[in-house]
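Chain residues, written in single-letter form:
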Amino acid sequence: MLFISQKVNLFAVLLIVCSVINIHGQTPPVSVLDQMKPKTPKSNLPNIVLIYADDLGYGDLSCYGASKVSTPNIDRLAKEGRLFTDGHSTSAVCTPSRYALLTGEYPFRINNYSPVFCEDKLLIDPKKTTIASLLKLKGYRTACVGKWHLGFGDKPKPDWNKDLKPGPLEVGFDYFFGLPVVNSHPPFVYMENRRIVGLDPSDPLIYKRGGKTHSREYPNKHTVPKSKKMPSVIGGKAAHDLYIDEFIGEKLTQKALSWMNKQSQPFFLYFASHNVHYPITPHPYFHGKSEAGLRGDFVQELDWSVGELISAVERFGVFENTLFIFTSDNGAVIHGIKGDVLQSLGHTPNGKLKGRKFGVWEAGHRVPFIACWPNKIPAKSTSDALIANMDLLPTLAAITKQELSSSEARDGFNQLALFMEGDPVSARDELILQPHKRSHTSLRKGDWIYIPGAGDGGWMPAKSGDKTPQLYNLKTDPYQSDNLIFDNPEQASLMEKRLEEMLVERGVTADIRRNIKGKNGEEQ
């Protein structure tokens, strides 16, 4: 009988094992949902979960029209909330986009147009109000989990072997875990609060231009920077060994859920996913899950992370008192003027929009933008009103009933009406848009966009015979196929003048804009 019982138990175990292994023989990412415990709300204020995807384009989600990838969890937020069709990252570049998101002001105010790397100091003045520091004033517990990419310390070349401060904790976050820089550039390590995880003092991290790091190689991962002029960090093998590219999404999601599980109400989570930035390294379980190659699989892994965050809040019993905001730091990377290899698979990461990441054409900065707050934001609603990522700080100030001074969130607008009302009108009519090149800093005003130069101001140069400057009416020509610069000279002149006025008001003069390259010219 004991032998039979053991056989039955073994069979049961085998059934369980088989049930969690997919057809490729890979187990799903490890979930910590079973650890989530119900919470007793201690505040009438909502929990806030801000999900910031990386290089996710306007056409990457099924709720925005993609057919070769499936994103049911993100789609759920859209179905139970509001989907914006004219949502923008203020910059088409990762670092300045994150600065705008957290501070509510244009990154050109601090002369930031480019990504930062391991040698760069913190871009955000610790005295400046951020989303995190604002919410702390109302008793929120705050966390940043994911990609930071805004620098550390108060001077260049911070010491990676000591406390990296000022950093996330000095600008309002109670907790940080994640990637200190970006998954394409060194160091390839995890950081928790102010310290590198697993660092062996006898094997410190050392600056070395062009130096090779201890990390597995992938296409578009700079274990050895392409140029010796680019910064690199060597050493720290033990810390680098803890960083396994295919399991970053799993690790970050676990850390986010575990932190939320420890909080009482209310809490603010800034989940800055590394999906779907190069290198493209989805968890093995997701390989082949989409019909759009590994990058499509990477998108579906992101959707899994979003599903875990939603499920955790449901298990806490506070889903109806949680505001979810989902957007992206900029548009998707594609290669070449004619498009990307993904098009051969039937997937266009930026939809029908013109351009790509780094550029000021629409694909560089028009991104998915979704807000979900059950019973507050109308379900199954869509808005074509203009909204930008830097509008979130003043909007959250309004939600938490806080007044901002004139020096706080200087360029953001309170868009609470866009979230809550049935037929909303945007609080903004103008938006300055930043590509990688200062010379192409552009103005969106109403339905029009004015671009001072030829090409996209990023990595897509002008073609011979292109008219310059550029003027498009996005209402009649959303895909920017017809440059109306010669057909509407009065409109172009008005916008050129208005752009100059707005820049001068914010301390940017024409001679500064003529410096067409950022601090770091290398693409991410």
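Residues numbered from 1 in each chain as written. Predicted model: local features only at pLDDT ≥ 70, side-chain atom pairs only at ≥ 80, totals over all residues. Heavy atoms only, no water.

Undergrad: Summarise the overall build of the chain; cite the residues concerned and give the values.
TA: If you tally the helices and strands in the chain, you get eleven helices and 18 strands. The globule rule puts the C-alpha radius of gyration for 524 residues at 24 Å, and the 23 Å found for the chain is close to it. For the chain, the C-alpha atoms occupy an extent of roughly 90 × 55 × 50 Å along the three principal directions. Out of the 524 residues in the chain, the part that is buried amounts to 59%. Considering only contacts in the chain between residues 6 or more positions apart, those separated by 24 or more positions represent 74%. For the chain, the exposed surface amounts to about 20900 Å²; the carbon and sulfur share of it is 53%. Counting 63 positive and 57 negative side-chain charges, the chain places the averaged centre of each group 4 Å from the other. (Helix = DSSP H or I, 4+ residues; strand = E, 2+ residues; numbered from the N terminus. Rg over C-alpha atoms; globule rule 2.2 N^0.38 Å. Buried < 20%, exposed > 50% of the residue type's maximum accessible area, 1.4 Å probe, protein only. Contact = heavy atoms within 4.5 Å. Areas by Shrake-Rupley, 256 points an atom, 1.4 Å probe, with all protein chains shown as cover. Lys, Arg positive; Asp, Glu negative; His and termini not counted. Charge placed at Lys NZ, Arg CZ, Asp CG, Glu CD.)

Undergrad: I'd like a rundown of the sheet that holds strand β16 (residues 442–445), residues and numbers included.
TA: Taken in spatial order, the four strands make up an open sheet running β15-β16-β17-β18, and their pairing is antiparallel. The sheet is open, and its two borders are formed by β15 (430–433) and β18 (470–473), each paired with just one other strand. Going from strand to strand, the sheet's axes swing by 15° on average, the running direction of each strand aside. Here β16 runs beside strand β17 (residues 448–451); their pairing, made up of three bridges, is antiparallel. (Pairing = 2+ DSSP bridges. Axes fitted to C-alpha atoms, helices over the stretch in contact; angles between N-to-C directions.)

Undergrad: How would you explain the nonpolar core if you had to name every residue and give the values?
TA: Trp148, Phe268, Leu269, Tyr270, Leu309, Phe324 and Phe326 are the most contacted members of the largest nonpolar core, which totals 108 residues. With nine residues, helix α7 (residues 293–316) is the largest single contributor of residues to this core. With sequence-adjacent residues up to four places away left out, Trp148 is seen in contact with Arg98, Leu102, Leu122, Gly167, Pro168, Val171, Phe173, Phe176, Leu179, Pro180 and Val181. Counting residues in each nonpolar core, the second largest holds 29 residues, with Trp448, Leu499, Leu503 and Val508 among its members. (Core = buried A, V, L, I, M, F, W, Y, C linked by side-chain atoms within 4.5 Å.)

Undergrad: Let's hear about unusual backbone geometry: which residues, and what values?
TA: In this chain, Lys165 is followed by Pro166 through a cis amide linkage whose omega measures 0°. Considering the arrangement of structural elements, one finds Pro166 in the loop between β4 (141–147) and β5 (175–179). For the bond from Tyr278 to Pro279, the omega torsion is -5°, close enough to zero to count as cis. Following the sequence through the fold, Pro279 ends up in the loop between β10 (267–272) and α7. Look at Asn111: it is not a glycine, yet its phi comes out positive at around 60°. Mapping Asn111 onto the fold places it in the loop between α3 (94–103) and α4 (131–136). A relative accessible area of 43% places Asn111 in the partly exposed class.

Undergrad: Describe the pattern of salt bridges, listing the residues and the values that go with them.
TA: Following the criterion strictly, the structure yields 34 salt bridges and no others. With its nearest N and O atoms 2.7 Å apart, the salt bridge here joins Lys147 to Asp54. Here Asp54 lies in the loop between β1 (47–53) and α2 (72–79) and Lys147 lies in strand β4, a separation of 93 residues in the sequence. Accessibility assignment for this pair places Lys147 and Asp54 in one class, buried. Lys445 is paired through a salt bridge with Glu430; the nearest N and O atoms lie 2.9 Å apart. With Lys445 in strand β16 and Glu430 in strand β15, this residue pair connects regions lying 15 residues apart in the sequence. (Salt bridge = Lys/Arg side-chain N within 4 Å of Asp/Glu carboxyl O.)

Undergrad: Help me get a handle on the sheet that holds strand β6 (residues 191–192), residues and values and all.
TA: Pairing in this open sheet of ten strands is mixed, and the strands run β7-β6-β5-β4-β10-β1-β11-β12-β2-β13 from one edge to the other. With partners counted over all chains shown, the strands left at the sheet margins are β7 (195–196) and β13 (381–383), one partner each. Bridge count for β1 against strand β11 (residues 322–328) is seven bridges, and the pairing is parallel. Across the sheet, residue Asn47 finds its bridge partner in β11, namely Thr322. Sitting on the sheet, helix α6 (residues 248–261) touches β4, β5, β6 and β10, and the angle it makes with β10 is about 175°.

Undergrad: Any chance you could break down the side chain of Asp477 for me, citing the residues and the numbers?
TA: Summarising the element assignment, Asp477 is placed in the loop between β18 and α10 (489–505). Nearest to the buried, unbridged Asp477 among oppositely charged side chains is Lys354, at 7.7 Å. A distance of 2.9 Å separates a polar atom in the side chain of Asp477 from the backbone nitrogen of Asp482. Excluding its chain neighbours within four sequence positions, the residues that come into contact with Asp477 are Tyr472 and Asp482. (Polar contact = N/O pair within 3.5 Å; in protein donor to acceptor, adjacent residues only side chain to side chain.)

Undergrad: Outline the pairing of β17, listing residues and values.
TA: What you see with β17 is no split at all: Trp448 and Tyr450 on one side and Ile449 and Ile451 on the other are buried throughout. Between β16 and the antiparallel strand that follows it, β17, lie two residues; Gly446 among them carries a positive phi value of about 60°. Here four bridges tie β17 to β18, and the two strands are oriented antiparallel to one another. Looking across to β18, one finds that Ile451 is bridged to Gln470.

Undergrad: Which residues make up the packing of α2 against α7, and what values do they have?
TA: The geometry of α2 relative to α7 is characterised by a closest axis approach of 7 Å and an angle of 55° between their N-to-C directions. The angle between the axes of α2 and α7 places the two elements in the oblique class. Residues Pro72, Asn73, Ile74, Arg76 and Leu77 of α2 pack against Leu302, Asp303, Trp304, Val306, Gly307, Ile310 and Glu314 of α7. Split into classes, the residues belonging to the contact of α2 with α7 amount to seven nonpolar, two polar and three charged. (Parallel < 35°, antiparallel > 145°, perpendicular 65-115°, else oblique. Nonpolar A, V, L, I, M, F, W, Y, C, P; charged D, E, K, R; others polar.)

Undergrad: Lay out the packing of aromatic side chains in plain terms, naming residues and giving numbers.
TA: When we look at a pair of aromatic rings, we describe it by the centre distance and by the angle of the planes. For the structure shown, the criterion picks out 19 aromatic pairs. Judged by centre distance (6.0 Å) and plane angle (50°), the ring pair of Phe84 and Phe419 falls under tilted. Taken as a pair, Phe84 in strand β2 (residues 82–84) and Phe419 in helix α9 (residues 416–420) lie far apart in primary sequence, 335 residues in all. For Phe84, a relative accessible area of 0% translates into the label buried. Judged by centre distance (5.6 Å) and plane angle (45°), the ring pair of Tyr190 and Tyr243 falls under tilted. Placement of the pair is Tyr190 in the loop between β5 and β6 and Tyr243 in the loop between α5 (237–241) and α6, with a sequence separation of 53 residues. The exposure class of Tyr190 is buried, given its relative accessible area of 4%. (Phe/Tyr/Trp six-rings, centres within 6.5 Å; stacked < 30°, edge-to-face > 60°.)

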